[in-house]
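Topology and contacts: notes
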Amino acid sequence: MTLDRDSEIADVLRTMAEKIAAGAPAGWRRAELQGFATGPDGSGHRGLRVEPGEADDIDLHAEMCEIYTLAGASGDHLAIELVVEAKGRFEAVVSESLDRVDHGEHGFLYVLDRGVLPPEPAEFQRGRPDAAPAGDPKEVVALLGAYLRERDRVLGGPGTDKYAPPPALPEARRAWLEAQLRVRYGVTLPEDLRALYALVDGDGGEGLLDRHPWFGLELLEDQSRPENRWWAVGRSWSHQPFITGVGPSLAMRRASDHPCWIPFATSTGGDFLAVDLAPGPDGRPGQVIRMGTHHDEGPVYVADSVTSLLRRHVTALQAGAYAVENGELWIDLGDMKEPNRHAHEQTRSLTVAGPDAATIRGWEPRIQRLSVLNAPWVDFGPVRGAPVLWQVKVDNCPGADLTPLRDTPVELLDLAMDGIDLAPLAGHVTLRSLTLRTERPVDLTPLLSCPRLYALDLSRAAVGDLGVLSELKGLLYLNLRRGQWAELLERGGLPAGLAAAGLAAEPRREKTWWWSVDRAYHAPEPSLKTAVRWASDLAGEAADVRVFTGRFPRRRR
């Protein structure tokens, strides 16, 4: 940012301060805006608080978008925090790298390297080389004919025109488009889908497949290009969902998107039906999945092939499993229809407490998330060898032996115990994210041998030697309190590859003076000013944080 641009941004901030002051109630003293811009045409805020009272609905959209442009921002989130005082002063912080966390705690996130994100679980999964497609090109052609006939029967009537899909593209054009997929991604469309495209070129927007318009081959190839996969651009350090998927646990790779998921039909709402040409260990190439903007927590399994999906359409129509409303056909696809993700996750989660925790009562091999709470004694033996146990939380279980967890694929581990011994986790192959909460100093040395560990939260833990952290070469994210950060920087410096850092909330301090009864607690820390100083400590002169101060004319009422 040049000095001229800084001056222009300050002018815009001054205009915002004037608008806030004009809309504030009589007797107000201070207002705070936690705003952000998502681009030159997008903005929002987490709240506009006025002390005391409430402000009118103040439109600051144009100003925040202008700041995004003036700041030369390139990402999808520019934080714009503005404090306005009734006596005519304002202070603001503008940054693409520093922002508040969104999960209810008064913490901050500072991104040191926006070009680095943690790998998704799919990157560590391998398919089965001998897996064969389940589709049948001859059967699928016959099924398409049967489906169109059944559909005409259901929707037909006197004088009704029969629907005809668009004719197939010329063979040479189809061959060229399929070659683009092979060259770009090293994939070949499954034979059953290729057979359909040799007969018709999608459905012309009719919505034949589960009411999803089926792409022509030109659009399929275009939509598969990396620059056109717009639904896959939302990953950031502030949005890191736990990726699992819905369906058979190991059939699909656990990713928010994959270049070998080839979309061939759209919901028109940002989601797609796709053929999966990079299936998980128990999947089959050419299986059909749901993916897109609403599936950033993982794909949804639909069918083992396009053939099976089309067969289900025909079977449902023949069985009368459909409804016609205002001339539109609704087919009941049974277990192939859009599922309830939350309900599915509930069947893969287990929480045990007290006596039930002793033997992990209710344990099943399909469990993906396990929470063990408030138990005087826990035996983790039953989970040894669990195939898909990816997340474990242990809270208030004194002396729990973590050794059996070595023989599980756990990735996210949250431990809240009086004392924590990490020795059993030494060399754990799959552990990726660890949260510790304990008042007894914990030895972090065993973590040096965990090859995939990228995230560590020690903000509620006593640590024997924070200097060990500087030796964690693969660590990308670290969350600490302000004092812990100061100690780390003094002892050993930041881990070499750290890409993002968290500044955690401090415990609230109660005021005990008699004259402060009406304000029982101090303002929560860290404050914005504390966060700005912390970001400067981390990044030095390269810190992406701009602070603006100024005055605005006060208006008499």
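Bear in mind the structure is a predicted one, so any value in this text is a computation, not a measurement. (Residues numbered from 1 in each chain as written. Predicted model: local features only at pLDDT ≥ 70, side-chain atom pairs only at ≥ 80, totals over all residues. Heavy atoms only, no water.)

**Side note on the sheet that holds strand E9 (residues 287–292)**
An order of E7-E8-E9-E10 is seen for the four strands of this open sheet, with the pairing classed as antiparallel. Two strands bound the open sheet, and with one partner strand each, they are strand E7 (261–266) and strand E10 (300–303). Averaged over all neighbouring strand pairs, the angle between strand axes comes to 40 degrees, with direction disregarded. Pairing geometry for strand E8 (residues 271–276) and E9, over six bridges, is antiparallel. Bridged to Asp 271 within E9 is Gly 292. Each of E7, E8, E9 and E10 is contacted by helix H7 (residues 306–318), which is oriented at about 70 degrees to E10, the strand it contacts most. (Pairing = 2+ DSSP bridges. Helix = DSSP H or I, 4+ residues; strand = E, 2+ residues; numbered from the N terminus. Axes fitted to C-alpha atoms, helices over the stretch in contact; angles between N-to-C directions. Contact = heavy atoms within 4.5 Å.)

**Quick word on the environment of Gly 35**
Examined against the element boundaries, Gly 35 turns out to sit in strand E1 (residues 30–39). Judged by its relative accessible area of 2%, Gly 35 is buried. Beyond its immediate chain neighbours, meaning those up to four positions away, Gly 35 contacts Gly 44, His 45, Met 64, Leu 78, Ala 79 and Ile 80. (Buried < 20%, exposed > 50% of the residue type's maximum accessible area, 1.4 Å probe, protein only.)

**Observations concerning the packing of helix H3 (residues 137–155) against H7**
Here H3 crosses H7 at 30 degrees, and the two axes come no closer than 9 Å. In terms of orientation, H3 and H7 fall into the roughly parallel class. Note that H3 runs across H7; the crossing there is left-handed. Between H3 and H7, the contacting residues are Glu 139, Val 140, Leu 143, Leu 144, Ala 146, Tyr 147, Glu 150, Arg 151, Arg 153 and Val 154 on the first element and Val 306, Thr 307, Leu 310, Arg 311, His 313, Val 314, Leu 317 and Gln 318 on the second. Each residue belonging to the contact of H3 with H7 can be placed in one class, and the counts come to ten nonpolar, three polar and five charged. (Parallel < 35°, antiparallel > 145°, perpendicular 65-115°, else oblique. Left-handed = near helix turned anticlockwise from the far one by under 90°. Nonpolar A, V, L, I, M, F, W, Y, C, P; charged D, E, K, R; others polar.)

**Things to note about the nonpolar core**
Core analysis: the biggest nonpolar cluster contains 62 residues, and Phe 380, Leu 415, Leu 422, Leu 436, Leu 444 and Trp 485 have the highest contact counts within it. The biggest single contributor to this core is helix H10 (residues 528–539), with six residues. Discounting residues that sit within four places of it in the chain, Leu 415 has contacts with Val 394, Leu 402, Ile 420, Leu 422, Leu 434, Thr 435, Leu 436 and Arg 437. Counting residues in each nonpolar core, the second largest holds 56 residues, with Leu 189, Ala 195, Ile 262 and Ile 289 among its members. (Core = buried A, V, L, I, M, F, W, Y, C linked by side-chain atoms within 4.5 Å.)

**Focus on the sheet that holds strand E16 (residues 412–416)**
Here we have ten strands laid out as an open sheet, ordered E5-E6-E20-E19-E18-E17-E16-E15-E14-E13, and mixed in their pairing. Pairing within the sheet leaves two strands with one partner each, and these edge strands are strand E5 (98–100) and strand E13 (349–353). Neighbour-to-neighbour, the strand axes of the sheet open up by a mean angle of 15 degrees, direction not taken into account. Bridge count for strand E19 (residues 477–480) against strand E20 (residues 500–503) is four bridges, and the pairing is parallel. Paired with Asn 479 across the bridge in E20 is Gly 502. Strands in contact with helix H9 (residues 482–491) are strand E18 (455–463), E19 and E20; relative to E19, the strand with the most contacts, it is inclined by about 120 degrees.

**Description of H7**
Between its first and last C-alpha atoms H7 spans 19 Å; for 13 residues at 1.5 Å apiece the expected length is 18 Å, and the two agree. Immediately beyond the C-terminal end of H7, within one or two residues, lies Gly 320, with a positive phi of roughly 80 degrees. (Expected span 1.5 Å × (residues − 1).)

**Quick word on the pattern of salt bridges**
Going through the model one piece at a time under the given rule, you end up with 37 salt bridges. Between Glu 32 and Arg 49 there is a salt bridge; the shortest N-O distance is 3.6 Å. Residue Glu 32 is located in strand E1, and its partner Arg 49 is located in strand E2 (residues 42–51); the two are separated by 17 residues in the primary sequence. Residue class for Glu 32 comes out buried when judged on its relative accessible area of 13%. Among the ionic pairs, Arg 361 bridges to Asp 356, the shortest N-O distance being 3.4 Å. The exposed category is assigned to Arg 361, whose relative accessible area is 58%. Looking at Asp 356, the relative accessible area reads 33%, which means it is partly exposed. (Salt bridge = Lys/Arg side-chain N within 4 Å of Asp/Glu carboxyl O.)

**A short note on the packing of aromatic side chains**
In this description, an aromatic ring pair is defined by two values, namely the gap between the centres and the angle between the planes. Counted under the stated rule, the structure contains seven aromatic pairs. A ring pair is formed by Tyr 197 and Trp 214, whose centres lie 5.8 Å apart and whose planes are at 55 degrees; its orientation type is tilted. Note that Tyr 197 is positioned in helix H5 (residues 191–197) and Trp 214 in the loop between H5 and helix H6 (217–223), a separation of 17 residues in sequence. Considering the side-chain rings of Trp 485 and Trp 534, the 5.9 Å spacing of their centres and the 55 degrees angle between planes classify their relative orientation as tilted. Of this pair, Trp 485 sits in helix H9 while Trp 534 sits in helix H10; the two residues are 49 residues apart in sequence, bridging distant segments of the chain. The pair Trp 485 / Trp 534 is uniform in exposure class, with both members buried. Here Arg 151 stacks its cationic end above the ring of Tyr 163, 5.3 Å away from the centre of that ring. Here the guanidinium or amino end of Arg 211 rests over the ring plane of Trp 330, the centre of that ring lying 3.8 Å away. (Phe/Tyr/Trp six-rings, centres within 6.5 Å; stacked < 30°, edge-to-face > 60°. Lys NZ or Arg CZ within 6 Å of the ring centre and 35° of its normal.)

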